[in-house]
Amino acid sequence: MKRRHLLGSAAALTLTGLAPSIARAETFPDKPIRFVVPYAPGGATDTSARIAAEYLTNKLGQQVLVDNKPGGGTIIGTEIVAKAKPDGYTLLLAPAPVATNTSFGLKLPYDPLKELAPVCSYVDMPLLLACNPKAPYKTIAEFLTWAKAQTSPIPYASAGNASMPHLWGEQLKIATGIKLDHVGYKGSADALKDVLGGHVMLFSDTLLPSGLAVKDGRLRGLVVAAAKRVPMLPDVPTVAEAGLPADLTGAVFFGVMATGGTPDPVIAKLNAAFNELLADPATSKKLVDLGFVLVGGSAADYGKRLAAETAKWRKVIQEAKITPPA
């Protein structure tokens, strides 16, 4: 009898602990949600958040308000969410640096494993290797053959030191054994300008903006670091089609995170809403038209991806001896 009494008491305590979380999930949301974007307004990333906010406002019946908090290499906006009340009303459009800042071993003002909670993978912006049309190679196979015959390192441009296109360029260098010399710029626009001008012939970048230059013939696309061909550039092969290692797929990836400690039922409700958003034909078309690849999946899937990306880029950073972002 005593044992049954103890077990019953334990079960009652468990149910008592769960009850508030379940109740919160049933009424969630009952006030506006703040969606923090760690970038300035404008551009595809900010637009993707606003597309989500519009859909979720209609879906959830409460305003989802985009709040741009740029600065600190995305750390400022991320910290706001990490330190918020863990109730699901403050969300982060989580960029790739959520993983790569950890890969670099940066000292952060928050613990990403404890103070942030994965909600859902959102979208990927695939990486692209492109070149000036006057380059002496027309395909990725021709480029690799040509590159292996060079005695001096081949300059390639990227948006800047420690950017995802830079990390991917160094991974390509390690995987293929070709000699590459990174030329970092203060953003994709400056790098694109020099590649178009022929000052640097090779360019590692995201699908935007360089994909548009490939589409209109100002650049030549060599390979897209995606699992499938992208609608924007249907004639540019993937890494698998180019015979490159499978782990050379790469993207600037975005997910959604809440504050650590947010109740699981609230996370589940938010996850379902984002997956429905990605499945909605009109909304998904807007994102695809911007050059994004739709991802989605469970909160656990996103957590696993963050761990895998952190480990992957830590290895590249260490092998290539890449210095942390300034």
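The structure under discussion appears in the preceding block.
Here we summarise the structure given alongside this text.

The subject of this paragraph is the pattern of salt bridges. Scanning the model with the defined rule gives 11 salt bridges in all. Here lysine 83 and glutamate 115 are joined by a salt bridge, their closest N and O atoms 2.9 Å apart. With lysine 83 in the loop between helix H3 (75-82) and strand S3 (90-94) and glutamate 115 in the loop between helix H4 (97-103) and strand S4 (116-131), this residue pair connects regions lying 32 residues apart in the sequence. The class of lysine 83 is partly exposed, set by a relative accessible area of 47%. When the shortest N-O distance is used, the salt bridge between lysine 173 and glutamate 170 registers 3.8 Å. Taken together, the positions of lysine 173 and glutamate 170, both in helix H6 (residues 164-176) and 3 residues apart, correspond to about one turn of that helix. For lysine 173, a relative accessible area of 30% corresponds to the partly exposed category. The exposure class of glutamate 170 is buried, given its relative accessible area of 6%. Taken together, the salt bridges that share partners define one network made up of Asp124, Arg305 and Glu309.

The buried count for strand S5 (residues 154-158) comes to 4 of 5 residues, which makes it a mostly enclosed element. Note: S5 against strand S6 (residues 180-184), 5 bridges, orientation parallel. Bridge pairing links isoleucine 154 to leucine 180 in S6. A crossover connection joins S5 to the parallel S6 through H6; in handedness this β-α-β unit is right-handed. Across 2 bridges, the pairing between S5 and strand S7 (residues 202-206) is parallel. Residue pairing for S7: alanine 157 is matched across the bridge by phenylalanine 203.

Moving on to the environment of glycine 297. Along the chain, glycine 297 turns up in the loop between strand S10 (293-294) and helix H11 (299-320). Judged by its relative accessible area of 24%, glycine 297 falls in the partly exposed class. Each C-alpha atom, one on glycine 297 and one on asparagine 271, is 8.0 Å from the other, the two residues being 26 residues apart in sequence. The contact partners of glycine 297, leaving out residues within four places of it in the chain, are Cys120, Asn271 and Asn275.

Direction vectors running N to C along helix H2 (residues 43-60) and helix H10 (residues 281-289) enclose 175 degrees, while the axes themselves pass 10 Å from each other. With respect to their mutual orientation, H2 and H10 come out roughly antiparallel. Counting all contacts with H2, which are made through Ser48, Ile51, Glu54 and Tyr55, the residues of H10 involved are Thr283, Lys286 and Leu287. When its residues are assigned to classes, the contact of H2 with H10 shows 3 nonpolar, 2 polar and 2 charged.

In this section: the packing of aromatic side chains. Any aromatic ring pair is given by two values, namely how distant the centres are and how the planes are angled relative to each other. As enumerated under the stated definition, the model contains 7 aromatic pairs in all. With centroids separated by 5.0 Å and ring planes inclined at 65 degrees, the aromatic side chains of tyrosine 137 and phenylalanine 143 adopt a geometry described as edge-to-face. The pair formed by tyrosine 137 and phenylalanine 143 is uniform in burial state, with each residue classed as buried. Each member of the aromatic cluster is reached from another via a ring pair, and the members are Phe35, Tyr122 and Phe274. If you follow lysine 31 out to its NZ or CZ, it ends over the ring of tyrosine 89, 4.7 Å from the centre.

Okay, helix H7 (residues 188-196) next. Within the sequence span of H7, burial applies to Ser188, Ala191, Leu192 and Val195. Within H7, the buried residues cover an arc of 100 degrees as seen down the axis, which keeps them to one side. Those residues of H7 that are exposed and aimed more than 90 degrees away from the buried face are Ala189 and Lys193. On its buried face, H7 sits against S5, S7 and helix H8 (207-215). Looking one or two residues beyond H7, the residue adopting positive phi is glycine 198, at roughly 80 degrees.

With that settled, consider the nonpolar core. Residues Tyr122, Phe143, Trp168, Leu202 and Phe274 are the most contacted members of the largest nonpolar core, which totals 100 residues. Here this core gets 12 residues from one element, more than from any other, and that element is S4.

Residue placement: aspartate 124 occurs in strand S4. Overall, the relative accessible area of 12% leaves aspartate 124 in the buried class. A distance of 3.0 Å separates polar atoms of two side chains, one belonging to aspartate 124 and the other to arginine 305.

Of all the positions in H8, only Leu207, Ser210, Gly211, Ala213 and Val214 are classed as buried. The buried residues of H8 occupy one face: seen down the axis, they fall within an arc of 160 degrees. Downstream of H8 by a residue or two, glycine 217 has a phi angle that is positive, lying close to 90 degrees.

The rules behind each value
- Residues numbered from 1 in each chain as written.
- Predicted model: local features only at pLDDT ≥ 70, side-chain atom pairs only at ≥ 80, totals over all residues.
- Heavy atoms only, no water.
- Salt bridge = Lys/Arg side-chain N within 4 Å of Asp/Glu carboxyl O.
- Helix = DSSP H or I, 4+ residues; strand = E, 2+ residues; numbered from the N terminus.
- Buried < 20%, exposed > 50% of the residue type's maximum accessible area, 1.4 Å probe, protein only.
- Pairing = 2+ DSSP bridges.
- Right-handed = clockwise from strand over helix to strand, strands pointing away.
- Contact = heavy atoms within 4.5 Å.
- Axes fitted to C-alpha atoms, helices over the stretch in contact; angles between N-to-C directions.
- Parallel < 35°, antiparallel > 145°, perpendicular 65-115°, else oblique.
- Nonpolar A, V, L, I, M, F, W, Y, C, P; charged D, E, K, R; others polar.
- Phe/Tyr/Trp six-rings, centres within 6.5 Å; stacked < 30°, edge-to-face > 60°.
- Lys NZ or Arg CZ within 6 Å of the ring centre and 35° of its normal.
- Arc of directions from axis to C-beta.
- Core = buried A, V, L, I, M, F, W, Y, C linked by side-chain atoms within 4.5 Å.
- Polar contact = N/O pair within 3.5 Å; in protein donor to acceptor, adjacent residues only side chain to side chain.

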